[in-house]
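These are the residues of each chain, in order.
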Protein chains: 2
Amino acid sequence: MKHDIFQAIADPTRRAILALIAFQALTPNAMAEKFDMSRQAVSKHIKVLHQCELIKPEQSGREIYYHFNAKKMQEFDDWVAQFRQKWEIQFNQLDELLANIKDKK
Amino acid sequence: MKHDIFQAIADPTRRAILALIAFQALTPNAMAEKFDMSRQAVSKHIKVLHQCELIKPEQSGREIYYHFNAKKMQEFDDWVAQFRQKWEIQFNQLDELLANIKDKK
DNA sequence: AAATTATGCAACCTTAAGGTTGCAAATATA
DNA sequence: TATATTTGCAACCTTAAGGTTGCATAATTT
């Protein structure tokens, strides 16, 4: 039942949470106010994000501020990286194609 | 029931398929041979990837070669971009912290 | 000390995800 | 033409995802 980052970012609400707290750390209650669902539903999403370490808690009295964990997000970037070369190639091929069409004129 | 790219890559099998065909276009049968599941199960994954346009079909007789669609994959890059600045900041803060520790010695 | 507030956990419900098997349609081969 | 091959679609099953409500716990405020 351990979630990975790919599952975590699959949900639009969780992506919204990440976008929010990347800007500034927030408590679960503060986050819940931003969404049209129950606090507990948001709390579940927080749990998933926390389990895969995309966010990190910072206790402050009875409040918990969740921070964005950029380091973990970078793992996603690393995954995308393996395809980056491919699209550069495909775009170069497109350039060549366009160049050929141009030459034929 | 329209899938988005984030849902699409949430499944490890689908990520494996993408990694495979980024290297070279393959038919569903050829893909299915690489996985320990039924052809139909793989076919379902192909359907999801196709629906969100991460892959593109090329008919050749009765065979269909699915190609990697680099352009769509780039949408991930766009999404991660909003966090890239954040982790640069967080890493700079880490550098400062380490520098401070060093100074105290 | 009592009441309020912030959070997390558990039970429950509904729907979708991911797998299976069987069958139909279209193309290729004997 | 008959047969084999490639693929997609539909029905079904099991489990997990995402939501709800209610309650327990710990910290703050009155």
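Before reading further, recall that the structure is shown in the block above.
Reading the values: rules and limits
Think of each chain on its own: its residues are numbered from 1, step by step along the sequence as written. Here the convention is simple: chains get letters from A, ligands get numbers from 1, in the order in which they are written. Totals for whole chains, interfaces and linings use all residues, but because this is a predicted model, local features are given only for residues with pLDDT of at least 70 and pairs of side-chain atoms are given and counted only at 80 or more. Hydrogens and water molecules were not included; the side-chain quantities draw on all heavy atoms of the structure. A single heavy atom is enough: if one lies within 4 Å of a molecule or strand, its residue is considered near that molecule or strand. Here a polar contact is recorded for every N or O atom pair within 3.5 Å, except that within protein the pair must consist of a potential hydrogen donor and a potential acceptor, and residues adjacent in sequence are included only if both atoms are side-chain atoms. Counted as salt bridges are all cases of a side-chain nitrogen of Lys or Arg within 4 Å of a carboxyl oxygen of Asp or Glu. Remark: exposure states derive from per-residue accessible area (1.4 Å probe, protein chains only) relative to the maximum for the residue type, with buried under 20%, exposed over 50%, and partly exposed in between. Least squares is the method for superposing the copies, and the C-alpha atoms it fits come from residues with pLDDT of at least 70 in both. The contact rule is simple, with two residues in contact once any of their heavy atoms fall within 4.5 Å. Secondary structure counts use DSSP, requiring at least four H or I residues in a row for a helix and at least two E residues in a row for a strand, with both numbered from the N terminus. Three categories are distinguished: nonpolar for Ala, Val, Leu, Ile, Met, Phe, Trp, Tyr, Cys and Pro, charged for Asp, Glu, Lys and Arg, and polar for the others, with Gly belonging to the last. Here the buried area means the combined drop in accessible surface, using a 1.4 Å probe, for two parts upon being joined, counting both sides. By convention, a stacked pair of Phe, Tyr or Trp rings (six-membered ring in the case of Trp) has centres within 6.5 Å and planes under 30 degrees apart, an edge-to-face pair has planes over 60 apart, and any other such pair is tilted.

Caption draft 1: Examining the protein's contact with DNA strand C more closely. Neighbouring DNA strand C are 23 residues; R39 and Y66 of chain A together with S38, K44 and H45 of chain B lie closest to it. Sugar plus phosphate, as a fraction of atoms of DNA strand C within 4 Å of the protein: 65%. At a separation of 2.9 Å, a phosphate oxygen of DNA strand C approaches a polar backbone atom of N29 of chain A. Interatomic distance of 3.4 Å between a side-chain N/O atom of Q40 of chain B and a base oxygen of DNA strand C.

Caption draft 2: Quick look at the pattern of salt bridges. Enumeration according to the criterion identifies 6 salt bridges over all chains in this entry. Across the pair R84 of chain A and D77 of chain A runs a salt bridge whose closest N-O atoms are separated by 3.3 Å. Taking the relative accessible area as the measure of exposure, R84 of chain A reaches 22% and is therefore partly exposed. Salt bridges sharing common partners tie together D77 and R84 of chain A together with D77 and R84 of chain B.

Caption draft 3: Structural view of the relation of the copies chain B and chain A. Superposition record for chain B on chain A: RMSD 0.2 Å, screw rotation 180°, translation along axis 0.0 Å. Overall, the copies show the geometry of a two-fold rotation axis. The rotation axis passes nearest to the C-alpha of A10 of chain B in chain B, at a distance of 3.0 Å. A shared binding surface is used by both copies, with 100% of the interface residues of chain B retained as interface residues in chain A.

Caption draft 4: Broad picture of the protein's contact with DNA strand D. Residues in close proximity to DNA strand D total 23 residues, the closest being S38, K44 and H45 of chain A together with N29 and Y66 of chain B. Among the atoms of DNA strand D lying within 4 Å of the protein, the sugar-phosphate backbone contributes 62%. Here a phosphate oxygen of DNA strand D and a side-chain polar atom of S38 of chain A are 2.6 Å apart. Contact distances for DNA strand D include 2.5 Å between a phosphate oxygen and a side-chain N or O atom of Y66 of chain B. Among the elements of the structure, α4 (39–51) of chain A together with α3 (28–33), α4 (39–51) and β2 (63–68) of chain B are those that each provide at least two residues to the surface near DNA strand D. Taken together, the residues that form the surface near DNA strand D break down as 5 nonpolar, 10 polar and 8 charged.

Caption draft 5: Representation of the environment of E96 of chain B in the model. Residue and element names in this part refer to chain B. Tracing the chain through its elements places E96 in helix α5 (residues 70–104). Exposure remark for E96: the relative accessible area of 53% places this residue in the exposed category. Placed 88 residues apart in sequence, E96 and A8 show a C-alpha to C-alpha distance of 39 Å.

Caption draft 6: Quick look at the side chain of K72 of chain A. Assignment of secondary structure puts K72 of chain A in helix α5 (residues 70–104). When near neighbours in sequence (up to four residues on either side) are disregarded, K72 of chain A contacts I5, C52, E53 and L54 of chain A.

Caption draft 7: Summary view of the interface of chain B and chain A. Taken together, the 27 residues of chain B in the interface contact 27 residues of chain A. Taken together, the two surfaces of chain B and chain A that pack against each other cover about 2,400 Å², and 71% of this comes from carbon and sulfur. Considering only the side of chain B, the residues that lose the most area to chain A are W79, F83 and W87 of chain B, jointly responsible for 21% of the buried surface there. Taken together, the connections running from chain B to chain A amount to 2 salt bridges. Counting every contact that joins chain B to chain A gives 2 residue pairs in polar contact (both at pLDDT 80 or more). Counting residues per element, the ones that place at least two in the side of chain B that touches chain A are α1 (5–8), α2 (12–23) and α5 of chain B. Looking at the side of chain B that touches chain A residue by residue, the class counts come to 16 nonpolar, 5 polar and 6 charged.

Caption draft 8: Geometry of the packing of aromatic side chains. According to the stated counting rule, one finds 12 aromatic pairs over all chains in the structure shown. Relative to W79 of chain A, the ring of F6 of chain A has its centre 5.3 Å away and its plane inclined at 75°; by these criteria the two rings are edge-to-face. On the criterion of sequence distance, the pair formed by F6 of chain A in helix α1 (residues 5–8) and W79 of chain A in helix α5 is long-range, its members being 73 residues apart. Judged by centre distance (5.0 Å) and plane angle (25°), the rings of F68 of chain A and F83 of chain B are stacked.

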